[in-house]
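Close look at the chain arrangement
Here is how the chains run, residue by residue.
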Amino acid sequence: SQTIHQWPATLVQPVGSPLSLECTVEGTSNPNLYWYRQAAGRGLQLLFYSIGIDQISSEVPQNLSASRPQDRQFILSSKKLLLSDSGFYLCAWSTISGANVLTFGAGSRLTVL
Amino acid sequence: QQPVQSPQAVILREGEDAVINCSSSKALYSVHWYRQKHGEAPVFLMILLKGGEQKGHEKISASFNEKKQQSSLYLTASQLSYSGTYFCGTEVGGTSYGKLTFGQGTILTVHP
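My aim in this report is to walk through the structure given alongside it, one point at a time. (Residues numbered from 1 in each chain as written. Chains lettered and ligands numbered in written order. Predicted model: local features only at pLDDT ≥ 70, side-chain atom pairs only at ≥ 80, totals over all residues. Heavy atoms only, no water.)

In this section: the overall build of chain A. For chain A, the helix and strand inventory stands at 0 helices and 11 strands. Helices (α) and strands (β) of chain A occur, in sequence order from the N terminus, as β-β-β-β-β-β-β-β-β-β-β. Its C-alpha atoms give chain A a radius of gyration of 13 Å, within 12% of the compact-globule value 13 Å for 113 residues. Here the C-alpha coordinates of chain A stretch approximately 40 × 25 × 20 Å along the principal axes. Looking at chain A as a whole, 47% of its 113 residues qualify as buried. Long-range contacts, defined as pairs at least 24 residues apart, comprise 54% of the intrachain contacts of chain A with a sequence gap of at least 6. For chain A, the accessible surface area stands at approximately 5300 Å², while carbon and sulfur atoms represent 53% of it. Of the charged side chains in chain A, 7 are positive and 6 negative; the average position of the first set lies 9 Å away from that of the second. (Helix = DSSP H or I, 4+ residues; strand = E, 2+ residues; numbered from the N terminus. Rg over C-alpha atoms; globule rule 2.2 N^0.38 Å. Buried < 20%, exposed > 50% of the residue type's maximum accessible area, 1.4 Å probe, protein only. Contact = heavy atoms within 4.5 Å. Areas by Shrake-Rupley, 256 points an atom, 1.4 Å probe, with all protein chains shown as cover. Lys, Arg positive; Asp, Glu negative; His and termini not counted. Charge placed at Lys NZ, Arg CZ, Asp CG, Glu CD.)

Dropping the structure here:
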């Protein structure tokens, strides 16, 4: 069966520090991968999606970047965090064909101070 | 463009029914429904594809009116476990690589 792992679960970082959130998927090949962000009490905003290694699309201009160095690994990064980067970050995957149902990881809660 | 969900919040007693609506200004290929418990990741409930279909899962069902670009989620005889925030996610076009645009969510609270 397929599983998705996301870490770290919780992160408190000072403004201006770097960020790296990692996500890996097991039990499937060539998944579509996504990074969503959820601000407190708000909906889910798509940040990046990837249909293959080194194929990343950004949905909103911002202080973040994403990379996919391996088929089942998706990394969200920032060189210098802003206060507005605080939120709940969710990695998700879907199959490349079919109904594109998203399966989310457990999430990473980032607080920027 | 973000779909609009209504109502923003619902408070129920166990056994009561609720309807959550999701409207889009764009032609939709599919509508997904997810439920999120506090502090947890969203969990998939069901997907509806264009064609005006209806689906059900136990006491939770949904409809998709393609012409009106609307979907509704029906929760009947609600249980305490139904509490959470419900999101609709919409997909425009069949080749959008699963990119979903989510509504702002509807908070459902079920009391004993």
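Attention shifts here to the state of the cysteines. By definition, a disulfide links the sulfur atoms of two cysteine residues through a covalent bond. Residue and element names in this part refer to chain B. Going through the model one piece at a time under the given rule, you end up with 2 disulfides over all chains. Each sulfur of the disulfide joining Cys22 and Cys88 lies 2.0 Å from the other. Residues Cys22 and Cys88 are joined by a disulfide whose S-S torsion is about 70 degrees; by sign, that bridge is right-handed. Taken together, the positions of Cys22 in strand E3 (residues 18–23) and Cys88 in strand E9 (residues 84–91) put the pair 66 residues apart, joining distant regions of the chain. For the pair Cys22 and Cys88, one class covers both residues: buried. (Disulfide = S-S within 2.5 Å.)

Now for the sheet that holds strand E7 (residues 65–70) of chain A. All names here are of chain A. With antiparallel pairing, 4 strands are arranged side by side in an open sheet as E1-E3-E8-E7. Taken across any chain shown, the strands that pair with only one partner, and hence form the sheet edges, are strand E1 (3–7) and E7. When strand polarity is set aside, the average angle formed by the axes of neighbouring strands in this sheet is 20 degrees. For E7 and strand E8 (residues 73–78), the ladder comprises 4 bridges, and the chain directions are antiparallel. Counterpart to Ser67 in the pairing with E8 is Ile75. (Pairing = 2+ DSSP bridges. Axes fitted to C-alpha atoms, helices over the stretch in contact; angles between N-to-C directions.)

All names here are of chain A. Here strand E11 (residues 108–112) shows one buried face, formed by Ser108, Leu110 and Val112, and one open face, formed by Arg109 and Thr111. One ladder, built from 4 bridges, connects strand E2 (residues 10–13) with E11; its direction is parallel. Bridge pairing in E11 links Gln13 to Val112. In terms of strand pairing, strand E9 (residues 87–94) meets E11 through 3 bridges, oriented antiparallel. Opposite Phe88, over in E11, you have Arg109 as the bridge partner.

Turning our attention to the side chain of Ser78 of chain A. You can see Ser78 of chain A is positioned in strand E8. Within the structure, the side chain of Ser78 of chain A is placed 3.2 Å from the side chain of Asn63 of chain A, a separation counted as a polar contact. (Polar contact = N/O pair within 3.5 Å; in protein donor to acceptor, adjacent residues only side chain to side chain.)

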